[in-house]
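Below, each chain spelled out in residue letters.
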Amino acid sequence: MVQDELSPGAESELYELVIPGQLVGKVVVDSAARMVGIIRSIRLSLPPLRVELIIKGLEVEFPVDVSNVAAVGSVVQLKNVAKEAETVELRDVQRLRKELVEEIRQIIGKSP
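What you are looking at is a predicted structure, and each value in this text was computed from that prediction instead of being measured.

Colleague: Sorry, what's going on with the environment of V66 here?
Modeller: Among the secondary structure elements, V66 is positioned in the loop between β5 (60-65) and β6 (69-72). For V66, a relative accessible area of 38% corresponds to the partly exposed category. Put simply, V66 and I42 are 24 residues apart on the chain and 9.5 Å apart in space, counted from C-alpha to C-alpha. In this structure, V66 is in contact with V51 and L53, ignoring residues within four places of it in sequence.

Printed below as a string of structure tokens:
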């Protein structure tokens with residue numbers, strides 16, 4: 001099947017049910033060593049295949065292409081500075097995780 005440029009592609013957001021999980025809920029640190037938020041979800045789009053991490057910060061959410069991820073460990077390190085986000089504190093991380101858990105509960109509650 002050939003996809004023409006005007007046809008919409010498929011897009012899906014992935015969540016984990018345990019927060020923090022393997023990725024979702026982990027702290028994100030930019031290249032300037034600033035904590036900028038947590039991973040809210042993973043977005044897959046195609047065609048063409050594109051994988052992005054959706055970062056939840058203070059009053060902002062923004063996508064980061066996986067090619068801009070330097071390392072994944074106890075935190076996720078970005079290769080660039082996250083200009084879209086303010087620096088978050090540890091207490092903010094806890095609040096952001098609680099908001100994410102509530103958001104996931106609402107999504108699960110709306111499932112058919």
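Colleague: Before we go on, may I ask you to explain the environment of I42 in this structure?
Modeller: Position of I42 relative to the elements: it lies in strand β3 (residues 35-46). Taking C-alpha positions, I42 is 15 Å from V101, a pair spaced 59 residues apart along the chain.

Colleague: Mind showing me how you'd approach the pattern of salt bridges here?
Modeller: Two side chains that carry opposite charge are able to pair once their charged atoms sit near each other. In the structure shown here, the tally under the stated rule is eleven salt bridges. Here D30 and R34 are joined by a salt bridge, their closest N and O atoms 3.0 Å apart. Its salt-bridge partner being E99, residue R95 comes within 2.8 Å of it at the nearest N-O pair. Placement of the pair is R95 and E99 together in helix α1 (residues 90-109), with a separation of four residues, close to one helical turn. In the salt-bridge network here, residues are joined through shared partners; they are E13, R40, K56, E61, R95, E99 and E103.

Colleague: What should I look at first to understand the nonpolar core in this one?
Modeller: A general feature of soluble globular proteins is that nonpolar side chains tend to end up buried together. Among the nonpolar cores identified, the biggest contains 23 residues, and V28, L53, I55 and F62 are the most heavily contacted of them. Those elements that provide at least two residues to this core are β2 (27-29), β3, β4 (50-57), β5, β7 (76-78) and α1. Discounting residues that sit within four places of it in the chain, V28 has contacts with R34, M35, V36, G37, I38, I39, I55, V76 and L78.

Reading the values: rules and limits
Residues numbered from 1 in each chain as written. Predicted model: local features only at pLDDT ≥ 70, side-chain atom pairs only at ≥ 80, totals over all residues. Heavy atoms only, no water. Helix = DSSP H or I, 4+ residues; strand = E, 2+ residues; numbered from the N terminus. Buried < 20%, exposed > 50% of the residue type's maximum accessible area, 1.4 Å probe, protein only. Contact = heavy atoms within 4.5 Å. Salt bridge = Lys/Arg side-chain N within 4 Å of Asp/Glu carboxyl O. Core = buried A, V, L, I, M, F, W, Y, C linked by side-chain atoms within 4.5 Å.

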